[in-house]
Structures are given as structure tokens and as C-alpha cells.
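Geometric and topological summary
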Amino acid sequence: MSITAQLNELIEKGLLLPFMPRSRKPAKRCLFMTKDAATKYQDMNSAVNSLVGKGYVDAAFAKWVLGDRIHNDGTKTKRGRFLKKLSEPPPEIWEIRVTDPVPQCRILGRFAAPDVLIVTGFYTRPYLGKKGSAAWVSAINECVDGWRKLFSEAAPFSALSIHGYVTENCDDISL
Amino acid sequence: MTYRSERREMEDYGFARVRDLAFEAVRKLWRKREAEGWTQAYLAERMGRDPAWISRKLSAPGNWTLRTFGAFIEALDGEAEILLHDLNAPNLLGSNFDAYLALALDRQSANWVNSPLQIASGIETAASNSAPVPAIVD
């Protein structure tokens, strides 16, 4: 079954929810939430919504869907980087970094295809703690489990460079 | 959720979007100047700032104010122009679901998740105001 057919089937079953901001601009990229992620996203009492603010999450999603410039310069400095691939294993876990508000927020997900991101969870940065913490491991496992529930053993999309994942308007040049 | 927090979400969303778009516009002009031979040290000198401050500001829009934008725009020999769209006006461009349609997504059958602005204002999206789009079958 093609990824398109799989996505359509999951959407029809209500297991994947597409996101579209209120805008006149065309959607250049796709963002879907798993049912669990959408429940958290819509829960105004969730840690992210009550501490970070849903408006900042929506702005990050709008930036992605509307095709705004994405920064991923590949250097050690993470400052200004919107999208980041987490260290393996497990493979192909990505985070959207919402760094403006205090506390910050991290949104985990995987690519189903170029420019098609499946969001599996939302976490405040203080909750995740240091790299390798139990909370990080748990968040990453939630991402893997969320993916498996939908796509079974099908591997997430993989590419050799950031331009394979984000086909347009992606900045990989260090400042 | 209270009325007040809905409004706060709208404010956060609006602020983040405007700030991101303005930052990208400045960064785009900086890239152009950089290609023309400008250095961060030269820009720092033009702005009367420390090069580390320039580097920090150009790497992320955190803590940018209107004054920061104005300072960069002037120092980069740029001119700002602001264009606001009326989201309540009919969208003459038709559908804006292009990327989703490329996936052959059936718009009618999906449960769309949208920004809080729609929920708060009760106004349909510009997208949903556009003409119905048939699903594409692969």
C-alpha cells in the first residue's frame, strides 16, 4: 500500500488529524497529529498548553505547513534551529523546537514522506530534562509506539540530508 | 478554557508569526548582503554593536523588538513594507490546501485540527471558505 493510501485510510478512520492554520497562503508542507497527540494538543489543561501556550505551538505548526524558511544548519549550535533529528537509536525521531516561550516546548514526530511530518507528542523542555533522561527515553518511546500503532512495521521516511526531508525553503548554512 | 486565555493564545500566535516573518525578511536581506561581501564585523560596525551581539541576533529571533528590526533594516540598507490580508474576505485564489491535495487527501473526510484563532472567533478558515476541491486518486 502506498504511503498516500495509508495516510488517507488513517485519516478516514480518525487516527490521523491534519493541521491547517487559518491562512490565505497555500499549504506547502503537511502536518498530521496522531490521535493521542491531538488529544493532548486540544487539552487546555495539558502541561504544554497551560505552561508554554498553544499559540506558540500553533505558530510553529503554521511555520511548517505554510512553507516558511526552516533552519537546520547542522552545526553544533542549536540556537535558531527549528527542526532537529535526534541522535539514534531509535532512528528517525525528529523534534520541532519551540524556543521562544519560557518554558520552551519540544514536539516529537517522524517523517512519513518528504515534507510530511507525523506529530506524536508534545513536551515542555523542563519536563524532558537532560539528554538521556528517563523523560527523554519515555518521550522517544512514545514516538516509536505512536508510529507503530499507525504504520505497523513500516519504517519512517529516511533521507541523506535535510533537503531530502524538507524539499523547499530550508537553510542549512551556518551563520 | 477561559475567554481570557483564548485571547492570550491568539496574542501569542500573532506575535510569534509576525516576529518569525519579520526575522526571515531581515535574514534574507542579510544573506544577500553577505553574498555581496559584507561581514558580520562590518555590520556590527555599521550598527555600533558588538559582533557577538550581531551573531546572536541573526541566529534566532528571540528577544527581538521592533527597535531591533528597525536597526537591522536600516543597517542593511533595506526598507520595510507591511501587507495585511483580510482573512474574512473571499479567497479568490481558490484552494490553499495544495500540499495536502498532493497527498490525495480527501478534504471532506478529514477531521482538521486548526489554530485557536478559528475556535476563538468562530470564523471559518480562509481555507474552508474556498471552493470544494475533489479528492485526487493516485
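Residues numbered from 1 in each chain as written. Chains lettered and ligands numbered in written order. Predicted model: local features only at pLDDT ≥ 70, side-chain atom pairs only at ≥ 80, totals over all residues.

Okay, the nonpolar core next. Leu31, Val57, Ala60, Val65 and Cys105 of chain A are the most contacted members of the largest nonpolar core, which has 56 residues in total. Ranked by the residues each element gives to this core, the list is headed by helix H4 (residues 54–65) of chain A, at eight residues. Setting aside anything within four residues of it in sequence, one finds leucine 31 of chain A in contact with Phe19, Phe61, Trp64, Val65, Leu117 and Val119 of chain A. The next biggest cluster of nonpolar side chains, apart from the first, holds seven residues, and it includes Val26, Leu43, Ile54 and Ala75 of chain B. (Core = buried A, V, L, I, M, F, W, Y, C linked by C-beta atoms within 7 Å. Buried ≥ 20, exposed ≤ 12 C-beta atoms within 10 Å, placed from the backbone. Helix = DSSP H or I, 4+ residues; strand = E, 2+ residues; numbered from the N terminus. Contact = placed C-beta atoms within 7 Å.)

A few words now on the packing of helix H2 (residues 40–47) of chain B against helix H3 (residues 51–59) of chain B. All names here are of chain B. Interaxial distance between H2 and H3 falls to 8 Å at its minimum, and their mutual angle equals 105 degrees. Taken together, the axes of H2 and H3 lie roughly perpendicular to each other. Facing H2, whose interface residues are Gln40, Ala41, Leu43, Ala44 and Met47, H3 presents Pro51, Ile54 and Ser55. Partitioned by chemical class, the residues of the contact of H2 with H3 number six nonpolar, two polar and no charged. (Axes fitted to C-alpha atoms, helices over the stretch in contact; angles between N-to-C directions. Parallel < 35°, antiparallel > 145°, perpendicular 65-115°, else oblique. Nonpolar A, V, L, I, M, F, W, Y, C, P; charged D, E, K, R; others polar.)

Attention shifts here to unusual backbone geometry. Note that the residue after glutamate 88 of chain A, namely proline 89 of chain A, is joined by a cis bond; omega there is -10 degrees. Along the chain, the position of proline 89 of chain A falls in the loop between strand E4 (83–85) and strand E5 (94–98). Of the consecutive residues proline 89 of chain A and proline 90 of chain A, the connecting peptide bond is found in the cis state with omega at -10 degrees. Relative to the elements of secondary structure, proline 90 of chain A occurs in the loop between E4 and E5. For asparagine 169 of chain A, which is not glycine, the phi dihedral falls at a positive 55 degrees. The topology assignment puts asparagine 169 of chain A in the loop between helix H7 (162–165) and strand E8 (170–171). Of note in the backbone geometry, aspartate 77 of chain B takes a positive phi value of approximately 60 degrees without being a glycine. Tracing the backbone through its elements, the reader meets aspartate 77 of chain B in the loop between helix H4 (66–75) and helix H5 (98–102).

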